[in-house]
Amino acid sequence: MRVPNSKFCLLLVLCMVFISYDINSQDFEHSRTQNLIPNPSFEEVHTALRRIEMEMQNFSIMKDWKASINTPDAYHPQLELVKFTHRSPNFLKQFGKQDPRTGEGKVGMYIAGGTYKEGVTAKLKRPLGAGKYYYFHMYVSLGEGISNSCTSSIGSYFSARDPKITLTSKLQLHVESSKMVCDTKQWVKVCGVYRAKGTEKYISLGYFSDSPRGKSVKGGKYDTGYYFVDDVLLMEMRAPKNLVAGQICNMALDFSPIEFLIGESEIYTEIQKALDSYIQYVTIFKVNSVKIIGHADDAGSAFENEIMSAMRASNVKQYMIEKGVEESLIEIVAAGDTIPVVDEDSDLDPDSNNRVEIKIE
């Protein structure tokens, strides 16, 4: 489908929004369980759906999501099992080769104005709370196969009812990219903070007005951009103080165990930096508990290793409390050498067993 030229204009950005590059392959467990977006990575499909009339209208296979306007595209291996009455040769291949950011599913849509805008809609797992703040992100990548231009007019729109978006709708996005998203090789995070009215039950992704901001990537005037979308996250925050959207959008959302030197339990500078990412997460989002599990290698006796693991967990707890984490949230466990991640037959570094794991629920 060819989209005619669209005039370039500036849209008012209603909240501070940032984009960043991220190569992490998975999100933190807490963010997965607290995510208000159903089927956020587009992995689940209607497996019973085995017949669709047109391949160019394949989005009906996607579970929990629907097309909010025009014909966005579903990308999923299950499409190979669908019998299309009318199949278009190489239909999906024309848009580009970008692999999904995670898993096997993704969606694609045109970001343009007027009659050619596309978008997708889902009902949130629960309504948003009045006056509460929510962290939002989704990952996007420009489809190099067919895109003549790139845009910053892509993001999310929240509504109380299942939105009836039409070709003439001019709906202002609530979270919108602050920069042009022109990368066709990497996934780019579009991120922002949204303060809810308390009536919102639906989220729509895409662009729903008629004059997107954009620039050509192949010469000439702005024409249209086709974008892949994956890994959508919406999560309630604590009431933020001195909110800086850029800092929130750049914070860590996945973590690795905290590694200690052999025989050490002190919280030295490198460990403090790693713990600060956890602390930022706990102070920004609503969490029920923080479990700190200390571990040790098997260099000493079982009793000595249990003492070492307890000291590591206790020191981490104390640092977190000093940095403002509520003590009532924290539980410590001394696992000693009973749960090694590296055994005696492994080629990995045995120092990996000198660690503290932090589980947030």
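Located above this text is the structure these notes cover.
Since we're looking at a predicted model, the values are computed, not measured. (Residues numbered from 1 in each chain as written. Predicted model: local features only at pLDDT ≥ 70, side-chain atom pairs only at ≥ 80, totals over all residues. Heavy atoms only, no water.)

**A short note on the sheet that holds strand 17 (residues 290-294)**
Each strand in a sheet pairs with its neighbour through backbone hydrogen bonds, running either in the same direction (parallel) or in the opposite one (antiparallel).
Then, in step 1: The 4 strands lie next to each other as 16-19-17-18, forming an open sheet whose pairing is mixed. Edge positions in the sheet fall to strand 16 (258-259) and strand 18 (330-334), since each has one partner strand and no second.
Then, in step 2: Contacts between helix 4 (residues 302-322) and the sheet are confined to strand 17, strand 18 and strand 19 (355-360), with strand 18 contributing the most and set at about 165° to the helix. (Pairing = 2+ DSSP bridges. Helix = DSSP H or I, 4+ residues; strand = E, 2+ residues; numbered from the N terminus. Contact = heavy atoms within 4.5 Å. Axes fitted to C-alpha atoms, helices over the stretch in contact; angles between N-to-C directions.)

**Considerations on the packing of aromatic side chains**
Then, in step 1: Counting across every chain of the model gives 13 aromatic pairs.
Then, in step 2: Ring plane angle 50° and centroid distance 5.2 Å describe the contact between Phe 42 and Trp 65, whose orientation is recorded as tilted. Of the two residues, Phe 42 is situated in the loop between helix 1 (29-34) and strand 2 (51-54) and Trp 65 in strand 3 (residues 65-69); the sequence distance between them amounts to 23 residues.
Then, in step 3: Assessed through its relative accessible area of 0%, Phe 42 is described here as buried. (Phe/Tyr/Trp six-rings, centres within 6.5 Å; stacked < 30°, edge-to-face > 60°. Buried < 20%, exposed > 50% of the residue type's maximum accessible area, 1.4 Å probe, protein only.)

**Some points on the pairing of strand 10 (residues 155-159)**
Then, in step 1: Most of strand 10 is tucked away: 5 of the 5 residues are buried.
Then, in step 2: Pairing of strand 10 with strand 11 (residues 175-176), which is carried by 2 bridges, proceeds in the antiparallel orientation. Bridge pairing in strand 11 places Ser 156 opposite Val 175.
Then, in step 3: Both strand 10 and strand 13 (residues 202-206) contribute to a ladder of 5 bridges, which runs antiparallel. Bridged to Tyr 157 within strand 13 is Ser 204.

**Considerations on the layout of surface pockets**
Then, in step 1: Of the pockets and cavities examined, the largest pocket occupies roughly 460 Å³.
Then, in step 2: Around the largest pocket, the lining is made up of 22 residues, and of these Tyr 75, Leu 79, Glu 80, Leu 92 and Lys 93 lie nearest the centre.
Then, in step 3: A per-class count over the lining of the largest pocket returns 8 nonpolar, 6 polar and 8 charged. (1 Å grid on protein atoms, 1.4 Å probe; cavity = no way out; pocket = protein on both sides within 12 Å on 5 of 7 lines; lining within 4 Å. Points joined across faces, edges and corners; volume = space filled by probe spheres on them. Nonpolar A, V, L, I, M, F, W, Y, C, P; charged D, E, K, R; others polar.)

**Some remarks on helix 3 (residues 269-284)**
Then, in step 1: With 16 residues, helix 3 extends 23 Å from end C-alpha to end C-alpha; this agrees with the ideal 22 Å at 1.5 Å per step.
Then, in step 2: Where helix 3 is concerned, the buried positions are Ile 271, Leu 275, Tyr 278, Ile 279, Tyr 281, Val 282 and Ile 284. (Expected span 1.5 Å × (residues − 1).)

**Considerations on the state of the cysteines**
Then, in step 1: Per the stated rule, a full pass over the model turns up 2 disulfides.
Then, in step 2: At a sulfur-sulfur separation of 2.0 Å, the disulfide partner of Cys 150 is Cys 182. Every disulfide takes its handedness from the sign of the S-S torsion; for Cys 150 and Cys 182 that torsion is 55°, giving right-handed. Taken together, the positions of Cys 150 in strand 9 (residues 149-151) and Cys 182 in the loop between strand 11 and strand 12 (188-195) put the pair 32 residues apart, joining distant regions of the chain.
Then, in step 3: Looking at Cys 150, the relative accessible area reads 0%, which means it is buried.
Then, in step 4: With a relative accessible area of 28%, Cys 182 lands in the partly exposed category.
Then, in step 5: A sulfur-sulfur separation of 2.1 Å characterises the disulfide bridge that pairs Cys 191 with Cys 249. Because the sign of the S-S torsion sets the handedness, a value of about -90° for the bond joining Cys 191 and Cys 249 places this disulfide among the left-handed ones. Remark: Cys 249 occurs in helix 2 (residues 245-249) and Cys 191 occurs in strand 12; sequence separation between them is 58 residues. Of the two residues, Cys 191 and Cys 249, neither departs from the other in class, the shared state being buried. (Disulfide = S-S within 2.5 Å.)

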